[in-house]
Amino acid sequence: IVDTTLCSASHERKQLAFRFLEHAVPLLRADQISAAMSPSLLKMLINNLVYPDSFHSAAAKQLCQSLAGFVRTCPEADRQLAVLMALLHKPGTIHFDSVTKTQTVASLVGGLNADAVLKYTTWLKKVFLTGTDSDEEIKED
């Protein structure tokens, strides 16, 4: 519904997509967070962060702040990582903060609990050592 109805419609509906995600993420399981943060919504988010004069720039920034707040208060590593990895995997990028000129990923990483930090650093090492893109999932041990 978000992709087909909200992300590809009027300005008001696009705004609603950001608000929907902002309120839905705290209620979702990790696999549902990954699905809710769809490629269409992430492209829309990135575009509105890259261009600060865009119509939805403020809503995009608010969503990023909301996601950082969620990660900071969420006790579950898998849900924290689902949010972070959605921004780092395509259509996002491991260079999300550089591309968007924000501190979104830095804020998310700063809010991770110890278990999530361990899994994230293991994933980062693998990405850097193998030279692969950031699409590889974090594996459970």
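Calculation notes
- Residues numbered from 1 in each chain as written.
- Predicted model: local features only at pLDDT ≥ 70, side-chain atom pairs only at ≥ 80, totals over all residues.
- Heavy atoms only, no water.
- Helix = DSSP H or I, 4+ residues; strand = E, 2+ residues; numbered from the N terminus.
- Buried < 20%, exposed > 50% of the residue type's maximum accessible area, 1.4 Å probe, protein only.
- Contact = heavy atoms within 4.5 Å.
- Areas by Shrake-Rupley, 256 points an atom, 1.4 Å probe, with all protein chains shown as cover.
- Axes fitted to C-alpha atoms, helices over the stretch in contact; angles between N-to-C directions.
- Left-handed = near helix turned anticlockwise from the far one by under 90°.
- Nonpolar A, V, L, I, M, F, W, Y, C, P; charged D, E, K, R; others polar.
- Parallel < 35°, antiparallel > 145°, perpendicular 65-115°, else oblique.

*Asks:* So what's going on with the overall build of the chain? Residues and values would help.
*Replies:* Looking only at helices and strands, the chain features nine helices and zero strands. For the chain, the N- to C-terminal ordering of α and β elements is α-α-α-α-α-α-α-α-α. By residue count, 45% of the 141 residues in the chain fall in the buried class. Contacts spanning at least 24 positions in sequence make up 63% of the contacts within the chain whose residues lie at least 6 apart. In the form shown here, the chain has an accessible surface area of approximately 7,600 Å², with 57% of it arising from carbon and sulfur atoms.

*Asks:* Any chance you could break down the packing of helix α6 (residues 77–88) against helix α9 (residues 114–130) for me, citing the residues and the numbers?
*Replies:* One can describe the packing of α6 onto α9 by two numbers: an axis separation of 9 Å at closest approach and a directional angle of 35 degrees. Regarding α6 and α9, the two cross each other, and that crossing is right-handed. Contacts between α6 and α9 pair Ala77, Gln80, Leu81, Leu84, Met85 and Leu88 from the former with Asp115, Ala116, Lys119, Tyr120 and Trp123 from the latter. Classifying every residue of the contact of α6 with α9 by side-chain character gives eight nonpolar, one polar and two charged.

*Asks:* Please give an account of the environment of Gly92 that cites residues and values.
*Replies:* Within the fold, Gly92 resides in the loop between α6 and α7 (96–100). The exposure class of Gly92 is buried, given its relative accessible area of 9%. Considering only alpha carbons, one finds Gly92 and Pro39, 53 residues apart in sequence, at a separation of 8.2 Å. Apart from residues lying up to four places away in sequence, Gly92 is in contact with Ile46 and Leu87.

*Asks:* Give me the lowdown on the packing of helix α4 (residues 39–50) against helix α5 (residues 57–73), citing residues and values where you can.
*Replies:* Where α4 meets α5, the closest approach of the two axes is 8 Å, and the angle between their N-to-C directions is 115 degrees. Taken together, the axes of α4 and α5 lie roughly perpendicular to each other. As α4 runs across α5, the sense of the crossing is left-handed. Two secondary-structure elements touch here, α4 through Leu41, Leu45, Asn48 and Leu49 and α5 through Ser57, Ala60, Lys61, Leu63 and Cys64. Here the residues of the contact of α4 with α5 sort into six nonpolar, two polar and one charged.

Any functional reading would require information that these geometric values do not contain.
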